[in-house]
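Per-entry structural report
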Amino acid sequence: MVVPHHPAGARLARHRLAGELADVVPPMLLADLIAVLAELVGNAVRHARPLPGGVVRVAWRLRPSAQGALIQLGVTDGGASTAPRLRTASADAADGRGLHIVAGLATRWGVERDGMGQRVWAEFDPTPPPPPTPTQTPHPNLVPAGQPR
């Protein structure tokens, strides 16, 4: 699908994705897909040139497997002078966290460039990763949320 190279393009893409996948993927995964797609379209609008016609191309693909569907999202734009990359943002910065959100929610992500522009993609594996193991003991003065001090 194509959406305008405009902030409203992210809304259109989110609604279409939600409508097509609501009965196909679990609600928590759908929420992650919507968040990542909105971030990728938003980044294309803020940081890249549009494709001819003033648009951004948005696509998703489900590939069935024994564990469930592998899902790939992709947003193609006219490219920018620099490739998308993770940045370090200060606590006061208004932006700079978007690809960290993508990296945190997706199994993997990347950028493909050609003579026409660039495609930023994110994949979601059907099997969730194992829960993280604690590498440090918590600080003795920290109490889990909801616990009395």
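Source: prediction; values computed, not measured.

To continue, consider the packing of helix 2 (residues 27-47) against helix 3 (residues 98-105). Their axes nearest at 9 Å, the elements helix 2 and helix 3 cross at an angle of 150°. In terms of orientation, helix 2 lies roughly antiparallel with respect to helix 3. Here the hand of the crossing between helix 2 and helix 3 comes out left-handed. Two secondary-structure elements touch here, helix 2 through D32, A35, V36, E39, L40 and N43 and helix 3 through G98, L99, I101, V102 and L105. Partitioned by chemical class, the residues of the contact of helix 2 with helix 3 number seven nonpolar, two polar and two charged.

The sheet built from five strands is open, its strands ordered 1-2-3-5-4 with antiparallel pairing. The open sheet has two edge strands with one neighbour each: strand 1 (2-4) and strand 4 (108-114). Mean inter-strand twist for the sheet, computed between neighbouring axes without regard to direction, equals 20°. Where strand 1 and strand 2 (residues 55-65) come together, three bridges link them in antiparallel fashion.

Another aspect to go through is the packing of helix 1 (residues 7-21) against helix 2. The contact between helix 1 and helix 2 brings their axes to 9 Å, and the two run at 155°. If you check the angle between helix 1 and helix 2, you find them roughly antiparallel. Note on packing geometry: the crossing formed by helix 1 with helix 2 is right-handed. Taken together, the residues of helix 2 that come into contact with helix 1 (itself represented by P7, G9, A10, A13, R14, L17, A18 and L21) are L30, L33, I34, L37, A38, V41 and V45. When its residues are assigned to classes, the contact of helix 1 with helix 2 shows 13 nonpolar, one polar and one charged.

Okay, the environment of H100 next. For H100, the location among the structural elements is in helix 3. Owing to a relative accessible area of 41%, H100 belongs among the partly exposed residues under this scheme. Here the alpha-carbon distance between H100 and L86, two residues 14 residues apart in the chain, equals 6.3 Å. Leaving out residues up to four positions away in the same chain, H100 has contacts with L86 and R87.

L37 and V41 are the most contacted members of the largest nonpolar core, which totals 26 residues. For this core, the secondary-structure elements that each account for two or more residues are helix 1, helix 2, strand 2, strand 3 (68-77), helix 3 and strand 5 (117-124). In this structure L37 touches A13, R14, L17, V58, W60, L73 and V75, once residues within four positions along its chain are discounted.

Side-chain pairs of opposite charge can arise where the charged atoms are in close proximity. All told, the structure shown has five salt bridges when counted by the stated rule. Of the charged contacts, one joins E123 and R108 as a salt bridge, the two residues approaching to 2.6 Å between their closest N and O atoms. Highlighted residues: E123 in strand 5 and R108 in strand 4, separated in sequence by 15 residues. Two residues, R119 and E112, come together in a salt bridge whose shortest N-O distance is 3.2 Å. Looking at R119, the relative accessible area reads 21%, which means it is partly exposed. According to the relative accessible area criterion, E112 is partly exposed, its value standing at 41%.

Thresholds applied
- Residues numbered from 1 in each chain as written.
- Predicted model: local features only at pLDDT ≥ 70, side-chain atom pairs only at ≥ 80, totals over all residues.
- Heavy atoms only, no water.
- Axes fitted to C-alpha atoms, helices over the stretch in contact; angles between N-to-C directions.
- Helix = DSSP H or I, 4+ residues; strand = E, 2+ residues; numbered from the N terminus.
- Parallel < 35°, antiparallel > 145°, perpendicular 65-115°, else oblique.
- Left-handed = near helix turned anticlockwise from the far one by under 90°.
- Contact = heavy atoms within 4.5 Å.
- Nonpolar A, V, L, I, M, F, W, Y, C, P; charged D, E, K, R; others polar.
- Pairing = 2+ DSSP bridges.
- Buried < 20%, exposed > 50% of the residue type's maximum accessible area, 1.4 Å probe, protein only.
- Core = buried A, V, L, I, M, F, W, Y, C linked by side-chain atoms within 4.5 Å.
- Salt bridge = Lys/Arg side-chain N within 4 Å of Asp/Glu carboxyl O.

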